Structure formats: structure tokens, C-alpha cells
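What follows is the residue order along each chain.
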Amino acid sequence: MSAGNRFGREIEFREGAPIQLLQYVEDNSKDGFGEIVLNPVALNILQTIREPLAIISVVGSYRRGKSWFANVLHGRHDGFDLGAKVEGCTRGIYMWFPPFTLESEQPDGKIIQKRVIVLDSEGIDDPKQDQHWATKLFILCLALSSTFIYNINGIVGRDDIGKLYLMTDLSNFIQEPEEGDFLPRLVILLRDFTLENPESFKDYFLEKLNNVNSEAAKGIKKFFYDFDVYGLPHPGCKRKMLQHMEDADTDELDEEFVDEVENAVKSIYSQIPLKYIGSSTMKGSAFVKFLNDIVERMNKSETSSLLSIPSEYESIIQFVAQEAIKEAVGIYQEQMDHMLNEEVKLPILWDEFTEIHNNCISEANKIFFEKIIGNPTQMESFIEELSEKMSKIKEEFTKRNSDELTAYNENIAKDYWERYVKIGLNQENLFESNDEFQEALKAFELAYEKSMMKSSEAAKVIASYMQNQYPTAIEYMTQLGRMNAELAKAMKAKEEAETFRLEALAREEEFHREIEAQKHEREESERNFKTKMEELRANIDQQTRSHEEMKERLIKERDITAEKYNQKFEQLHNEMLEQQKLNEEDKRKLLEQQQAKFEQIQREAEEENRKRTEELKELLRQDKEKAIEKQNEFFQKQLTEQIAANQKQYSEIIDQIRRDNENWRTAISNSRRDSSRCVIS
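Residues numbered from 1 in each chain as written. Predicted model: local features only at pLDDT ≥ 70, side-chain atom pairs only at ≥ 80, totals over all residues. Heavy atoms only, no water.

In the annotation of an unreviewed UniProt entry, the entry for the protein chain reads GB1/RHD3-type G domain-containing protein, and the organism field reads Rhizophagus irregularis. A UniProt comment under Sequence similarities (unreviewed entry) is attached to the protein chain, and it reads "Belongs to the TRAFAC class dynamin-like GTPase superfamily. GB1/RHD3 GTPase family." (UniProt positions renumbered as here; feature names shortened; annotations may be inferred.)

### What to know about the overall build of the protein chain
Across its full length, the protein chain carries 16 helices and 13 strands. A separation threshold of at least 6 residues defines the contact pool for the protein chain, and within that pool the share at least 24 residues apart is 77%. (Helix = DSSP H or I, 4+ residues; strand = E, 2+ residues; numbered from the N terminus. Contact = heavy atoms within 4.5 Å.)

### With respect to the packing of helix α3 (residues 131-144) against helix α8 (residues 284-299)
If you want to describe how two helices pack, look at the angle between their axes and the distance between the axes. Running from amino to carboxyl end, α3 crosses α8 at an angle of 155°, the nearest separation of the two axes being 11 Å. Our classification of the angle between α3 and α8 gives roughly antiparallel. Relative to α8, α3 is oriented so that their crossing is right-handed. In contact with Lys136, Ile139, Leu140, Ala143 and Leu144 of α3, α8 contributes Phe287, Phe290, Leu291, Ile294 and Met298. (Axes fitted to C-alpha atoms, helices over the stretch in contact; angles between N-to-C directions. Parallel < 35°, antiparallel > 145°, perpendicular 65-115°, else oblique. Left-handed = near helix turned anticlockwise from the far one by under 90°.)

### Examining the confidence of the model for the protein chain
Looking at the protein chain as a whole, the pLDDT averages 82, with 79% of positions reaching at least 70. This model gives residues 85-90 a pLDDT under 50, and the stretch forms four contacts once residues within four places in sequence are excluded. (pLDDT = per-residue confidence, 0-100.)

### Comments concerning a negative patch on the surface
Taken together, the side chains of Asp351, Glu352, Glu355 and Glu509 make up a negatively charged region of the molecular surface. Take the negative patch: its biggest share by element is three residues, from helix α10 (residues 350-371). With respect to the helices and strands, Glu352 occurs in helix α10. When its relative accessible area of 33% is taken as the criterion, Glu352 is described as partly exposed. (Patch = residues over 30% accessible without salt bridge, like charges linked within 9 Å, V, L, I, M, F, W, Y side chains within 5 Å. Areas by Shrake-Rupley, 256 points an atom, 1.4 Å probe, with all protein chains shown as cover. Salt bridge = Lys/Arg side-chain N within 4 Å of Asp/Glu carboxyl O. Lys, Arg positive; Asp, Glu negative; His and termini not counted. Charge placed at Lys NZ, Arg CZ, Asp CG, Glu CD. Buried < 20%, exposed > 50% of the residue type's maximum accessible area, 1.4 Å probe, protein only.)

### As for unusual backbone geometry
In this structure, Pro98 follows Phe97 across a cis peptide bond, with omega equal to 0°. For Pro98, the position within the fold is in the loop between β4 (92-97) and β5 (100-105).

### Some words on helix α1 (residues 40-47)
Of all the residues in α1, the buried ones are Ala42, Leu43, Ile45 and Leu46. One face of α1 carries all of its buried residues, which in axial projection span an arc of 155°. Turned more than 90 degrees off the buried face of α1, the exposed positions are Pro40 and Asn44. The inward-facing, buried residues of α1 abut β1 (17-25), β2 (35-38), β4, β6 (111-121) and α8. At the N-terminal boundary of α1, the capping side chain belongs to Asn39, with an oxygen 3.2 Å from the backbone nitrogen of Val41. (Arc of directions from axis to C-beta. Polar contact = N/O pair within 3.5 Å; in protein donor to acceptor, adjacent residues only side chain to side chain.)

### Quick notes on the pattern of salt bridges
Opposite charge on two side chains permits them to pair, given that their charged atoms come into close proximity. This structure, assessed with the given rule, holds 21 salt bridges. One salt bridge connects Lys460 with Glu510, and the closest N-O pair in it is separated by 2.9 Å. Of this pair, Lys460 sits in helix α13 (residues 456-467) while Glu510 sits in helix α15 (residues 485-542), and the two are 50 residues apart along the sequence. On the accessibility criterion, Lys460 (39% relative accessible area) is partly exposed. Put simply, Arg9, Glu255, Asp259 and Glu262 are held in one network by salt bridges that share partners.

### Re the packing of helix α9 (residues 309-343) against α10
Look at α9 against α10: their axes get within 8 Å of each other, and the N-to-C directions meet at 155°. Taken as axis vectors, α9 and α10 run roughly antiparallel relative to one another. When you trace α9 past α10, the crossing you get is right-handed. Between α9 and α10, the residues in contact are Val320, Glu323, Ala324, Ile325, Glu327, Ala328, Ile331, Tyr332, Gln335, Met336, Met339 and Leu340 and Phe353, Ile356, His357, Cys360, Ile361, Glu363, Ala364, Ile367, Phe368 and Lys371, respectively.

### Looking at the nonpolar core
Membership of the largest hydrophobic core comes to 107 residues, with the highest contact counts inside it found for Leu190, Phe205, Ile220, Phe224 and Phe368. The greatest single-element share of this core, amounting to 13 residues, is contributed by α9. If near-sequence neighbours (up to four positions away) are discounted, Ile220 is found in contact with Leu164, Met167, Leu186, Phe205, Leu206, Leu209 and Phe227. Residues Ala54, Val116, Ile149 and Leu274 belong to the second largest nonpolar core, which totals 37 residues. (Core = buried A, V, L, I, M, F, W, Y, C linked by side-chain atoms within 4.5 Å.)

### What to know about the packing of aromatic side chains
Using the criterion set out here, one finds 23 aromatic pairs in the structure. Between Trp350 and Phe353, the aromatic rings sit 5.1 Å apart at their centres with planes inclined by 80°, giving edge-to-face as the arrangement. Here Trp350 and its partner Phe353 are both found in helix α10, three residues apart, which amounts to about one turn of the helix. By relative accessible area, which is 5% here, Trp350 ends up buried. One aromatic cluster is present, built from ring pairs that chain together Trp417, Phe444, Tyr448, Tyr465 and Tyr470. Across the ring face of Phe227, the terminal group of Lys202 is positioned such that the distance to the ring centre comes to 5.0 Å. The residue whose ring lies beneath Arg513 is Trp350, and the NZ or CZ to ring-centre distance is 4.1 Å. (Phe/Tyr/Trp six-rings, centres within 6.5 Å; stacked < 30°, edge-to-face > 60°. Lys NZ or Arg CZ within 6 Å of the ring centre and 35° of its normal.)

### Section: the side chain of Ser145
As for its position among the elements, Ser145 is in the loop between α3 and β7 (147-153). Take Ser145: its relative accessible area is 0%, and that puts it in the buried class. Not counting residues up to four positions away in its chain, the partners in contact with Ser145 are Ile55, Ser57, Phe182, Pro184 and Lys275.

The following block contains the structure:
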């Protein structure tokens, strides 16, 4: 870019150069309207503008110095092509690139940044110009602008008012919206004004216009609530310089002319309004959509067809909303991908995940609320649509982290199960007793608890082990005889209860996490919505038309929208609480079932013990009877043996006695015999 021929004074110099925004291509094959062709390069430039737009169109009669004034708006003499440099066949509108930033203070004292786009149109009333195109060009500039500068001869004669006759009834060309400022701020430049300055250029202009076309004068007063008129005297330079004003030196121009030009430029910028769509400001993407739609409509008709601005507005609002939703969703997805793939390594704890999600969605919401336009009712539907799309994407990221958490905790559980429990179920290293088995289960649970990533997924993993691996191990221990059936049944019941408890805790944690997420999103949405409503209210304060009606409607729609949003959140919150309540009820019922099962097991165990006791008593009785019988048999045998021994002994004694008796008898007999012999002898 060249250094440029500076105008100086207190008008800020703007770097840059003009670029064609659109051109009119005549159709030489027939006697009809040609085609308005937009420049995609210029549209791409406009598309990127995020600040509110203030659009200045400089329109006027052919060779009246409008392009030079458009240059002075940028603090320079050169820039837009002037006079002889513009060929008669050039048809279209040029814009300054880059559009520059201007600060302005709102009524509430807030400083806002606006982006100013200056448009320089081809001269109107060129004898070679297609009159249908000239009319459409005038209407097009009116529709696009927030400030409309019309450059005419200061005499204001019949041949000098140009297309101002169209002001007679603009409703023939433009259907305005019911609310808000649509038509731009009108600025009339009376060029080469050589008469004595009137007390009011506005009154002078209206008087002269009324003399030429009273209906046009009435139309301007009807359609433009406020407008300015500036009288600019002759530049005071020679004809040759007039033909090359891009090379002019400000100091060589008439001092009064320079002062009036400087005053007009400063006044225009001090009052420059934004381009509005109802109570919303227009930004780059909205302006491009608006321009595209208007050009498309104009190209469909050879004559100046009616532009329905409310229809165009609705189309723009929907378009901008979809663009905002698309961009916000894209930013959220891109940032979440970056954070979860590059900044951190999955799995992560849910608190960290929530923090990342909140940061990413806050950034996305910021973009979304900056871009969306429309009234509160429309915004409500856009917010809901964005929320639905965000929820789906969040679910995908949530599932990714949940799957990773599950896999991580499953690996931990598998490792410790093999280390502490499975090893004791092998034939080579079988648990010696139930106590040893129970200690192994406790060691497994303790090790898992210390190493797991605490989450609902971790609870579900250990619950899964209690539901599947534990019963298998218990059954195996029972088959090996290391555990009796009653104990095995009791352990299974205990693990079932613990499984349910862990699953219930996992669900409660997920419910709690979801409720907290909803709460955070609601609070953030309320903050953003409140900020947006304050912005819309400030925009209404900046406008002059239907001021109070717009404000009242805004407040009413805001309150209705806020109430609907609160109702939806409360409904969702209540549904989650109801689900949690059902979960608690299920847990209570299952606990009751588990208690009943434990009582049943206890009763069965007591009955089994009673039966076993009776059986044992019977066995003891039978054993006792057998023992007594055996003892009796033993005693009887001993008695029999003793009797036999005694009998034998008695027999021996009797035999002995008998023998002794016999011996004694024999002795006696012998003694008697001997005595007899003695006697005889």
C-alpha cells in the first residue's frame, strides 16, 4: 500500500485501498436488466468481521466529487478513483479495504468497537447509465447503509436532486420492519455552495427541495427522523487541480472549504450509527447474507421490485444463528480434541474432565452469544439447538473417557485378581482354608482401592468382579471342600448386596455429575443471556424509532424466555431427581430383598443345624447303645469267663477236696487197718 496523499487536519489517516464490492454487468443481447455480480474476495473480507458494523454509503450525481469526499473520510485525497480515472462502463460499488475500527461511547458509558465500512458507488445519472440499474443502485445503497451520504449540487435545482425523487414514497421500493431503525442516517452534501450560508442548511435544503419536488421533501421528513445537511463551498482551486483532486495539497485549497469539509467529516463520525437488525447489531456474516439476498432479489426482476426487509431479516437471523451454532460447536469440538488428545492423556478423573469441558464450552458460548442476533424468543430456540448439539458431542467425549477409565480399572483389577486370588485357585497353590481365601479377597479389594482411578467406572468394575468372578471362586472353593454350602450361599448373598451397593453408588455419582453440569451450564447460559439482553437494550437506546415499544417488547420476551428456560431446566432437574428417587427406591427394595434372603439363609441354616443336631443326637444315642451293648457283651464275656474260671477253680478245688477226702479216707482206712493189725498182733 502506498503512503497516500494525506488530507491532514484532525481527520485520521487510514491506510488501505479500494476493492470492488459488486459490479453491474449489462446484458447487451436484449433490452433488459443485466446482472449484479458480487466480488467473492470482498465478501470473504467482510465475512471475517466480528465487530458491529457502521456502513457509510457515498452516493451522488455523476462527477460531483463524491469519491473525493469518500477519500477524505479516510483522511486522504487519494484512494477511490476520481473523475477521469473512472471509465463510463464501470458499474458498481467499491469499498475501502481494510474496514477500520472506531471507538464510540454508549449511553451507559461503555466503550464499544465498531468497524466502519465506506462504500463509494458509481455516479448516479450518468447519461450512459441503465436507469433501472440507477434506481436499484440508489435503493441498494439505502438498504445497506447506516449512514447515507448524498452528494448533490448546492443550488438544488430540478436537474440536481438526482434520485431524491424516489423519497416521495420509499414504501414502493422498501417494506420496512415494524420496529427499529432500518433506513440510514441521511447526510446531504451541498457541493460548490457559493451563496451566503443560511442559518440552517437543513431548512434551506428542505425549502429548495420543496420548491422542486414537494412530495420528495415530505418523503424525506417522513422517512428520516433526523438528518444533516452540510454546505461545502467551492474548493477554490484551478480547473486542472479539480480534474486531479487525488493529487491535491490541502494547503492549496480554500481555507473555508477545508474547514467545512473537516467539520462535516468530524460530525458524521461523531454521530455515526451502527447497522441494526431490529435490536441486534449487524456484523460481518449477517451483512454478507443480507447483501447476497438483496442482490439475488434484485437480479430476479428487471424493474425495481419491492424489498421485504422483515423477510430478509428473518432469513439473516436464521442464517447467522446456524453459522453461530456451527462455529461454536466446531470450537468446542476442536478444543476438546486438543485438550484430550494433546494436553492430557486419557483416562482422566471426572473433576478434571468437567473443568476442561467447562472451559471449552465457555469459549464456544462466548462466540455463539457474540454472533447470534434476533429477539429473545428466537434466541431461546437457538440456545436450545446449540445445547442439543453440544450435548451429543459431549456424550462422545464422555464415552471416550468412560471407556478409557473402564479399561484402566479393568486392567488394575485383572492384575490384582491374578496376583491375590486366582493364584490360590490353581491346583499347585490351592488355598488351605476358607480363612486364607477370605484374606486373599480382602487383599485384592484393598490393592484395587489404592490403585484404581476413583470413578463410577471403578465402582462398576469391582461390582462386576463381585457379580462374576467372586461366585465362580466361591463355587470352586465349595467343590474342593474348603467351604461348606451354607457359608458359600451366605457369601454369595453378601457379594450380591455389595454389588448392588456399588452399582447404586456409581449411578448416584453419575447423577450428581450430570446435575452439577446442568447447574453450571444453566448459570453460564443465564449470564450470557443477561449480557446479550443488556446489549440489545443498549442497541434500542441507540435507535430513534419505536424506542419505548421495542424496549417493552424486549423486556417482555426476555422474561418469558427466561421463565421458559427455567421451566425446562427445572423439568430436567426434576426428572433427574425422580430418576434418583427411583434409584433409591430400587436400592431400598433390593436391600429388603437381600435382608429377606439373609433371613431365609439364616432360617435355612438354623433348620439345617437343628436337623444336624437331631441327627447327631440320634447317632450319639445309637453309638451309646452300641457302646453299652458292646460293654455288656464285654462284661458278660468277662463274667462268663470268670464264671468259667471260677467253675474250673471250683472243680479243681472239689477235685482236690475229693482227692483229699479220698486220701483222708484212705489214710483213715489205712490207720484203722494198721490199728487192727496192732490189736491182732
